[in-house]
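These are the residues of each chain, in order.
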Amino acid sequence: MKIGIGIDTGGTCTDAVVYDFERRKIAAFSKTGTTKDDLSRGIGRALDKLPRELVESAEAIALSTTLATNACVENKGGRARLVMFGIDQGTVRRVGADYGLNRDDALCYVESRTKPTGVVVQAPDWDKFRRLLDDKLKECDAVGLVEMFARKSGGTLEKRAREMIESETPIPVVCAHELFSENNIMKRGASALLNAQLITVIAGFLDAVKKALSDRGIKAPFVIVRSDGSLMSERFTSTRPVETLLCGPVASVMGAMELTDERNCVIVDMGGTTTDIAFVRDGVPQRVKSGVRIGGWNTFVKGLFVDTFGLGGDSGIVIADGDAVIGEERVMPLCMAAHRFPGLLTLLEKEEDLLEYAASPQKDIYLGIKDISLLGRYNENEKIAAAALLDCPQSLRALSGRLGDIVLKSHLERLIREGIIMRCGLTPTDIMHIRGDFARYSARASELGVGIMARRLKTSPRELCEKIYDEVKKKLYYNIVRVLIEDAYPDMREKGLSEQTRELIYRSYEQAKNGGGSYLSCLFSTPATLVGVGAPTHIFLKDVGRFLGTKVVISEYSKVANALGAIVAKVFAAVTIEVVYDQAQNKYVVYGGGERLVFKKLDDAKAEAERMADAKAREEAVRRGSKRDVSVAVETRESAADTDFGRVYIGYKVTATATGALDLSPLAG
């Protein structure tokens, strides 16, 4: 019996499955809470709940995580800066926000000029760059580098800058041209900056996995799910964490497909922080065409199509315009916080006894997650606030009194963004505890939280609980319909739905829920089966499926589909090399994969492009964790055009895709 273990670490839960490759069945599974302060504890607990003899016989371990996904949606991550060579600052300010480049403090500009052919005609002032390194870059967790026309130049400026940084500091450096070769410096730069921000996030995850395995004497090698559904090695992941952008959501797609025979379906995965929607047509998951977009970031990351939005069991419930709404911020549920820190019950009981009706940000409760006392990049006030909140949830009002100075949320923004502290609040998970749909933590804390909010809204706790459940279903319904509309009409995805269309969807929800309109009904429906994934999905999706007039399928293993998807994924890699004609030199240029070669004869250039694509695809597959014995499929495309001046050669493109079996050797990756 060949055994593999799949592990998924989400924002709320950590799951593990033991998978029998020969029988293609789950032999055992476990589920436990994610321990944000030390991920290794949650991973270890998940492993400890599995049969020991099966764990010890595992030949491979595959991982998935939503940590990168959640960091994008919540705009969190390590401290990083992007150095941009040869691009005008005004241009970035005009269009950068469309790609996620909207923080001036994260962007640095270096003057240079490169021709579209890849020839550098004005080199950077490297002395100025060294001063930039000393002044701004050395305080970062990681640095991204991007230059104009790097695809044609071979990334010469990025390489030189990386050498300078690495000669003076151990800070990880990300060269955009090594991540993605496509044109569009904004998108390439956004991908590099995001990769730099995620390095510390994923490094913490990988270290936690290694510690949990080492503590238990488990020596099986591990790999990680990539956003396109393939696998990659630990070493590859540590330098290119942006490839895990949709790691968790994609693993859920792979797991859901393994659990169901539905060939045409919409997969809905609701976790603690986000909900993901994916399409499967004729048994094949849909892929993105131009790169993954998530949480304001527009990247070149290749992946399956997954639409991610902020809705989960731990989504914070807030009061807005006199009503309770579900926000996109992930908070620690009151039930969970009180279970870990019983003193929170006393705080909530005191708040309940005050009988206050007005809501105030100063009443928001925060909890410290990480100790930053020894980290030099935080100021003294941040260290004091973080230390006061560490393992001691309290309101901003109480924190202000304790520190003898007013503390506002704006003072804590950086600590929140970088995951040092987080808010504790009322969530759908709390409502599940009150209604008996989930009972792991302190229901008393949930009841107190609902009572406080219900009084402020002048409603009853029962009505508030019903309202929140209905809001979850409405948000699920709206986003499923939105994604279906955008899939049917791609221009609407590019432009976004109009306010009138959004309102129509919401009204159709009310009609579907209440039995239609008197004279006119506007009801949306789909023939695609809704496949539910994730622990809380079964509570809400069946009603949503009924409103959409379709079938809902939820397996008994749906709650661990992400962990299953990790272990059933494959290893593959694709590389594209191009040949273009340089009229000025009357020569042919071969570029791609960080290379730039010049040939006099077209046939020689084409032969080199094919050789290079094959070699680099094989090399990339092995880097991602494949055995060296890989199969390679090569696709070529040549193009030319007729003009008034005769036939003009446009180019030759070679795409090589390597597919290989997972290398189970302990030395792999």
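Residues numbered from 1 in each chain as written. Predicted model: local features only at pLDDT ≥ 70, side-chain atom pairs only at ≥ 80, totals over all residues. Heavy atoms only, no water.

J.: Looking at this structure, how should I read the sheet that holds strand 11 (residues 222-225)?
T.: The pairing of strands in a sheet happens through backbone hydrogen bonds and is either parallel or antiparallel. Here six strands make up an open sheet; going across it, the order is 3-2-1-4-11-12 and the pairing mixed. Edge positions in the open sheet fall to strand 3 (25-33) and strand 12 (231-233), since each of these has one partner strand only. Across the sheet, the mean angle from the axis of one strand to that of its neighbour is 25 degrees, orientation sign disregarded. The pairing of strand 1 (residues 3-9) with strand 2 (residues 13-20) spans seven bridges and is classified as antiparallel. (Pairing = 2+ DSSP bridges. Helix = DSSP H or I, 4+ residues; strand = E, 2+ residues; numbered from the N terminus. Axes fitted to C-alpha atoms, helices over the stretch in contact; angles between N-to-C directions.)

J.: Would you mind showing me how to read the layout of surface pockets here?
T.: Space left empty within the atom packing is revealed by a probe, the size of a water molecule, rolled over the atoms. By volume, the second largest pocket is sized at about 1200 Å³. Forming the walls of the second largest pocket are 37 residues, and the residues nearest its centre are Arg293, Phe305, Asp307, Glu486 and Arg493. When contributions to the lining of the second largest pocket are tallied by element, the ones reaching two or more residues are strand 16 (293-294), strand 17 (297-298), strand 18 (307-309), helix 19 (461-488) and helix 20 (490-495). Considering every element that reaches the lining of the second largest pocket, the biggest residue donor is helix 19, with six residues. (1 Å grid on protein atoms, 1.4 Å probe; cavity = no way out; pocket = protein on both sides within 12 Å on 5 of 7 lines; lining within 4 Å. Points joined across faces, edges and corners; volume = space filled by probe spheres on them.)

J.: What's the story with the sheet that holds strand 24 (residues 421-425) in this structure? I'm lost.
T.: Pairing is mixed across the open sheet formed by four strands, whose spatial order is 21-24-22-23. What marks the edges here is a single partner per strand, and that holds for strand 21 (332-333) and strand 23 (394-395). Note that strand 22 (residues 365-368) and strand 24 share four bridges and pair antiparallel. Residue Gly368 lies in a different strand from strand 24, and its bridge partner there is Ile421. Strands in contact with helix 14 (residues 380-389) are strand 22, strand 23 and strand 24; relative to strand 22, the strand with the most contacts, it is inclined by about 95 degrees. (Contact = heavy atoms within 4.5 Å.)

J.: How do you make sense of the nonpolar core when you look at a structure like this?
T.: One recurring pattern in soluble globular proteins is that nonpolar side chains are buried together. The biggest cluster of nonpolar side chains holds 93 residues, and the ones touching the most others in it are Ile5, Ile61 and Leu101. Counting residues per element, this core draws most heavily on helix 9 (residues 185-215), which supplies 16 residues. Grouped together as the second largest cluster of nonpolar side chains are 60 residues, Met270, Ile277, Ile452 and Val481 included. (Core = buried A, V, L, I, M, F, W, Y, C linked by side-chain atoms within 4.5 Å. Buried < 20%, exposed > 50% of the residue type's maximum accessible area, 1.4 Å probe, protein only.)

J.: I keep staring at helix 18 (residues 443-457) and nothing clicks. Help me out?
T.: Taking 1.5 Å per residue, 15 residues should reach 21 Å; helix 18 reaches 21 Å between its end C-alpha atoms and fits that length. Burial within helix 18 is extensive, with 12 of its 15 residues counted as buried. When we look at burial in helix 18, the residues that qualify are Ala445, Ser446, Leu448, Gly449, Val450, Gly451, Ile452, Met453, Ala454, Arg455, Arg456 and Leu457. Elements that come into contact with the buried residues of helix 18 comprise strand 19 (315-320), strand 20 (323-330), helix 12 (334-340), helix 13 (343-354), helix 17 (428-435) and helix 19. Lys458 lies just past helix 18 and shows a positive phi near 60 degrees. (Expected span 1.5 Å × (residues − 1).)

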